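Letter by letter, the chains look like this.
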Amino acid sequence: MAASDAVDNFTNDSAMMIAWERALESKRPDALFVDPLAEALAGTKGETLSAGFGNMSQMFGFEDWAAFHKTWVAVRTRFIDDRVKECACGFKQLVNLGAGMDTRPYRLECYKAFANGSFNVDMKVVNDGKARIFERVLQAPAAHCPVHRVDLDFKDEERTLATELGSDFDAAAPALFIAEGLIMYLGALGKIKLLKDVSAVAAPGSVFVLQYMDASESEVAKSTPGALDNALSKEDATRELTELGWTDFEFSKFGDERLDFARFPTGRFPPSAAFSFCVCIRREDINAEVCEDLCHGSRSA
């Protein structure tokens, strides 16, 4: 099978677009990160999909800024890289929710700290496609820690992180949870289920890095039926996560001082809440009984 076929038979188009945009960033002399695997993962679709998304700049409030999403991918990737590096020394396991074409276990040496490994969670079709690419195109590169594949459709009402992470995951130990480019695709019920699923397996002291879409500032989103089903506001996120036992919230949005890296055109646009992050910590007073209740509750949500 040709390399392009192995990639293009993969069904998660957005993952290929993100990989292409990571590859573009990696070639810059002032790159915020270097991902040597990204270009192979982009296939032949990644570039076309990226160009098409650039044509949607006005819808997101970035008129005549076709590179807005390429810039966002560079900024969000670096933001998460930095959070992983900050947390690596304090955790032995990481859970990547909606892992897609992510390559961090292979390109970040700090993953050596995750003795239990990186649990890469995504739909079976996504994981199958990625496995083929890593084996046939990338020749099975070595990771810096154990990488555990977890097949899970986040909308499945019966299967959850609690049922699928398996025995390699230490439920009694804190973990770093990352949800990048995921929650905005799960709908009104699915987005709450995700928060409950994570909370059900997050031991006290765990850290949750959640990328989300806040549509509260978008008149286009407010006038589009169903758009708000996929969104969270800062207030929504704070309320839901507080009820689930999270605290110490830090919010950032594209263009503010933490999500800028000297790439955002602050003279042209204000920071955009449509591209936001929440970082929070699981409260130390959360006990096993609360987590068990969440496990049962998320299955019946």
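Within any chain, residue numbers begin from 1 and follow the written order of that chain's sequence. With the structure being a predicted model, the display of local features is reserved for residues of pLDDT at least 70 and the display and counting of side-chain atom pairs for 80 or more, all residues being used for whole-chain, interface and lining totals. Processing note: side-chain calculations cover all non-hydrogen atoms of the structure and skip hydrogens and water entirely.

Colleague: Any details on the overall build of the protein chain? Residues and values, ideally.
Modeller: Helix numbering and strand numbering both begin at the N terminus, where a helix is a DSSP run of H or I of at least 4 residues and a strand a DSSP run of E of at least 2. From N to C terminus, the protein chain includes 12 helices and 7 strands. Three labels apply to residues, based on accessible area from a 1.4 Å probe with only protein chains included: buried if under 20% of the type maximum, exposed if over 50%, partly exposed otherwise in between. Counting over 301 residues, the protein chain shows a buried share of 52%. Between two residues, a contact is recorded if the distance between any of their heavy atoms is within 4.5 Å. Pairs at least 24 apart in sequence give 75% of the contacts found in the protein chain among residues at least 6 apart. Total accessible area on the protein chain stands at roughly 13,100 Å², and carbon and sulfur atoms take up 51% of it. Working definition of accessibility: Shrake-Rupley area with a 1.4 Å probe, residue cover restricted to the visible protein chains.

Colleague: Kindly report on the confidence of the model for the protein chain, identifying the contributing residues and their values.
Modeller: Per-residue confidence from the predictor is reported as pLDDT, which spans 0 to 100. Model confidence for the protein chain is summarised by a mean pLDDT of 89, while 90% of its residues fall at 70 or above. Scored below 50 in pLDDT, residues 1-11 shows 27 contacts in the model against residues more than four places distant or in partner chains.

Colleague: Can you break down the pattern of salt bridges residue by residue, with the values?
Modeller: Any Lys or Arg side-chain nitrogen located within 4 Å of an Asp or Glu carboxyl oxygen qualifies as a salt bridge. Taken as a whole, this structure holds 25 salt bridges when the rule is applied. Measuring nitrogen to oxygen at the nearest pair gives 3.9 Å for the salt bridge that ties R107 to D35. Of this pair, R107 sits in helix α6 (residues 104-107) while D35 sits in the loop between α2 (13-26) and α3 (38-42); the two residues are 72 residues apart in sequence, bridging distant segments of the chain. The residues R107 and D35 share a single accessibility class, namely buried. For K124, the salt bridge goes to D128, with nearest N and O atoms at 2.8 Å. Taken together, the residues span about one helical turn, with K124 and D128 both in helix α7 (residues 124-137) at a distance of 4 residues.

Colleague: Lay out the packing of aromatic side chains with the relevant residues and their values.
Modeller: Whether two aromatic rings pair depends on their centres lying within 6.5 Å, for rings of Phe, Tyr and Trp, where Trp uses its six-membered ring; planes under 30 degrees apart make the pair stacked, over 60 edge-to-face, and the rest tilted. If you walk through the whole model with that rule in mind, you get 27 aromatic pairs. Arranged with centres 5.2 Å apart and planes meeting at 55 degrees, the rings of W72 and F275 form a pair that is tilted. Placement of W72 in helix α5 (residues 68-87) and of F275 in strand β7 (residues 272-282) is noted, with a sequence separation of 203 residues between them. The same class applies to W72 and to F275, which are both buried. Here the aromatic residues F53, F60, F62, W65, F68, W72, F79, F254, F264, F269, F275 and F277 are joined through ring pairs into a cluster of three or more. Between R83 and the ring centre of F79, over which it is positioned, the NZ or CZ distance is 4.6 Å. Should the NZ of a Lys or the CZ of an Arg lie within 6 Å of a ring centre and within 35 degrees of the ring normal, that charge is described as sitting over the ring.

Colleague: I'd like a description of the nonpolar core, backed by residues and values.
Modeller: Among the buried residues, those of types Ala, Val, Leu, Ile, Met, Phe, Trp, Tyr and Cys that are joined through side-chain atoms within 4.5 Å form a nonpolar core. L97, L165, F177, F208 and L210 are the most contacted members of the largest nonpolar core, which totals 32 residues. Elements supplying a minimum of two residues to this core: β1 (93-97), β2 (117-122), β4 (176-179), α9 (187-201), β5 (207-212), α11 (234-243) and β7. The element best represented in this core is α9, accounting for 4 residues. With residues up to four places along the chain from it excluded, the contact list for L97 reads V121, F154, L161, F177, I178, A179, E180, L182, V198 and F208.

Colleague: How would you summarise a nonpolar patch on the surface if you had to cite specific residues and measurements?
Modeller: To count toward a patch, a residue needs a relative accessible area over 30% and no salt bridge; like charges are then connected within 9 Å, while nonpolar side chains (Val, Leu, Ile, Met, Phe, Trp, Tyr) are connected within 5 Å. Nonpolar side chains collect at one region of the surface, where M56, M59 and V220 lie side by side and expose about 230 Å² of accessible area between them. Note that M56 resides in the loop between α4 (46-54) and α5.

Colleague: Summarise the packing of α2 against α5; cite the residues concerned and give the values.
Modeller: For any two helices packed against each other, the geometry is given by the interaxial angle and the distance between the axes. For the pair α2 and α5, interaxial distance at closest approach is 9 Å and the crossing angle is 80 degrees. Overall, the two elements α2 and α5 adopt an arrangement that is roughly perpendicular. On α5, the residues touching M17, I18, E21, R22, L24 and E25 of α2 are H69, K70, V73, A74, R76 and T77. To get an axis, a line is fitted to the C-alpha atoms, and for a helix only the part in contact is used. The angle between two axes follows their N-to-C directions and goes from 0 to 180 degrees. Any angle from 65 to 115 degrees is called roughly perpendicular, while one under 35 is roughly parallel, one over 145 is roughly antiparallel, and all others are oblique.

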